[in-house]
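Spelled out from the first residue to the last, the chains are:
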Amino acid sequence: MKIIPIFIPHAGCPYRCIYCDQHKISGALNLPAIKEIKSVINRNLKTIPRKERMEVAFFGGTFTLLPDTLQKEYLGAVYPYIKNKKTAAIRISTHPEAVSKHNMNLFKSMGGRLVELGVQSLDKGVLKKSNRVMDPDEIGKAAWIIKKSGLDLGVQVMLGLPGDTLEKAIKTAEKLIELKPKTARIYPAIVLKGTTLGELFKKGRYEPLSMQDAIEWSARVCDIFEKGGVKVIRIGLHPSQDLNSKGTILAGPYHPNFGGMARARQMRYRIINILGPKKILNRRAIKIYAYKSMFSFISGHKGEEKRYLERCYGVPILFHSLNHLRSPIGDRFRSANGVVVKIIEVRKSIAIIDPRMPHQAKIRLKQMGYCVREVPLHPKLAGPVKGHPDTMLFYHGKKVIYEPRMEKIAELLRNNGYECIKGESIKSKEYPNDIIYDVAAVGKFIIRYNGRIEKNIEILKAKFIGVKQGYVKCSIVVVDDKHIITSDKGIKDIWGKNALLIRPGSIKLPGYKTGFIGGASGSHKDKVFFTGSLKNHPDGRLMREFIEKTGKKVVELSAGKLYDAGTILFFDAIPARRSYHLHRVGVRSYTYAVEVVNTLRFLRV
Ligand code: SF4
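Each value, and the rule that gives it
Residues numbered from 1 in each chain as written. Predicted model: local features only at pLDDT ≥ 70, side-chain atom pairs only at ≥ 80, totals over all residues. Pairing = 2+ DSSP bridges. Helix = DSSP H or I, 4+ residues; strand = E, 2+ residues; numbered from the N terminus. Axes fitted to C-alpha atoms, helices over the stretch in contact; angles between N-to-C directions. Contact = placed C-beta atoms within 7 Å. pLDDT = per-residue confidence, 0-100. Parallel < 35°, antiparallel > 145°, perpendicular 65-115°, else oblique. Left-handed = near helix turned anticlockwise from the far one by under 90°. Nonpolar A, V, L, I, M, F, W, Y, C, P; charged D, E, K, R; others polar.

A.B. asks: I'd like to hear about the sheet that holds strand E5 (residues 152–159), residue by residue, with values.
C.D. replies: Pairing between the strands of a sheet comes from backbone hydrogen bonds, and it takes one of two forms, parallel or antiparallel. Taking strand neighbours across the sheet as the criterion, the 7 strands line up as E1-E2-E3-E4-E5-E6-E8 in an open arrangement whose pairing is parallel. Both outer strands of the open sheet, strand E1 (2–7) and strand E8 (231–235), are each paired with one neighbouring strand and no more. Strand-to-strand twist across the sheet, computed as the mean angle between neighbouring axes with direction ignored, equals 25 degrees. Here helix H9 (residues 211–227) sits on the sheet and contacts E5, strand E6 (183–188) and E8; the angle it forms with E6, its principal contact strand, is near 170 degrees.

What follows is the structure, given as structure tokens:
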């Protein structure tokens, strides 16, 4: 939609709002002659593509308080263009108390479509301080007459007038939504030379909004309107030669691209709304998929919004052009409403380890791109195993049961889509009290100690296999859903041919004579990790062959002896299956709207 503006500066207006100088705002000095109106329309018709819908708008005064004859002349000047289908309709701006059935009918009969009410604020105190003669309780009546006449309603609000606060501005927007307007304009108050506001400012009795506050308020108010189904068609004053000329603006948040700045702020909040305000330890990057032309808009003025988001989340914001990279998003980029912007979080996989695991192994995991988290040492467990993840945490599918001391780790896992249940405390290092979490999940089976285990694990929906061994997970390398390696004869016998039995021993566990093979390992995707080298185990070759036969790779994290670190537990971020269809975001001008469809998708390392 293209608007052809015709300015009627201050015409018809009997009031004197303290901020108003329509001559300076519009850049027009006098009322336009009929000839001028026609020539403005003709000039615009030459430059606007024929397919584009066009409306002529009378702005800058109180149209409906003009004498009837003048109203008719102005409307009559435009009407032939409507009849010949060269323009679609007319819109006007007027004061809420200047709306009557008579003038609405006149306007409608001569091609009128939309009436914009200059509301500015619905707070009585703000209106009074701004010398704005308007009863906020009467606005509903004006809206009703407009709608009853078959016309569309538009509203204009001004932010930061004397006595205004963000709360009052939000309240105004919320009340206006109830009137169901079609469009809204948001203007931050600017101090113009020659106005009463200008005098107050000079005397130090009025402080305009700072640029940052004005952006913030505008973004918030805009969001409220849009969530209420109101299309925001303008934020900030339209730059005119007069406004830009030196000395016209005494103070206030004026910027030729103010609307773009407010929109970018709005986008910042929408992104935060989707991702949550938190830094997440294993977040690697935030990818924004959009058309190239959107990059600078989303980045904000001089990259301000992008920098803010990077500081807020501690990860880079990476822009990807939809033109070039269709995968991994795949689905629709364009919608009926405009351009689609998608936001994808990239998360590192998590490796949970004993803090005493060999340094070289830790470094290697980090180099491989894992988010490595160390578990706290548990004071009730025996020294050699007090940092073993498998003695304090068990997971099966999305469910994680954790010892209360693992709360921080559980929080991280929750943030990655896991359902974490706080389990029982480990009360003593005496066997079997120390092994209540030491249970192994292999595919749909859970191999467990025949005696007591943690009560939340016991009630999981799975096929349980009971064994005599208490240190179950420590004793098992889970190769895949079918294959295991163990040095425990009882476990081998129960699992059958898909279990490789190796000799016990040859595994370091300071404080004990030997450790277990399961504790020296961890499985993730197509890899089986070992804390040391298989060359240092008498059955190392056998294990390698067994693993490789299943199609998995062996990763030796250090060159030393295998070290029982209580299993490396790996977790991937669980993809969020939600799709966010947010409200439209208009960009730069009301002719270009954007529907933001955000899909949170976690890309794994
Ligand atoms: S009613 Fe409108 S035109 Fe009249 S003084 Fe107030 S802002 Fe200016």
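Let us keep going from here.
A.B. asks: Explain the confidence of the model for the protein to me, and be specific about the residues and the numbers.
C.D. replies: In the predicted model, the protein carries a mean pLDDT of 88, and the fraction of residues at 70 or more is 91%. Note that residues 324–338 has pLDDT below 50 and, in this model, 19 contacts with residues that lie over four places away or in other chains. Long-range and interchain partners of residues 577–605, a stretch whose pLDDT sits below 50, account for 77 contacts in this model, where long-range means more than four residues apart.

A.B. asks: Residues and numbers for the packing of helix H7 (residues 166–177) against H9, please.
C.D. replies: Here H7 crosses H9 at 20 degrees, and the two axes come no closer than 9 Å. Accordingly, the angle class assigned to the pair H7 and H9 is roughly parallel. The crossing of H7 and H9 is right-handed. Residues Leu166, Ala169, Ile170, Ala173, Glu174 and Ile177 of H7 form the contact with H9, whose participating residues are Trp217, Arg220, Val221, Ile224 and Phe225. Looking at side-chain class alone, the contact of H7 with H9 contains 9 nonpolar, no polar and 2 charged residues.

A.B. asks: Tell me what's going on with the sheet that holds strand E25 (residues 521–524), and back it up with residues and numbers.
C.D. replies: Here 3 strands make up an open sheet; going across it, the order is E25-E26-E27 and the pairing mixed. Both edges of this open sheet fall to E25 and strand E27 (553–556), since each of them pairs with a single strand only. Across the sheet, the mean angle from the axis of one strand to that of its neighbour is 25 degrees, orientation sign disregarded. For strand E26 (residues 527–530) and E27, the ladder comprises 4 bridges, and the chain directions are parallel. If you follow Val528 over to E27, its bridge partner there is Val554.

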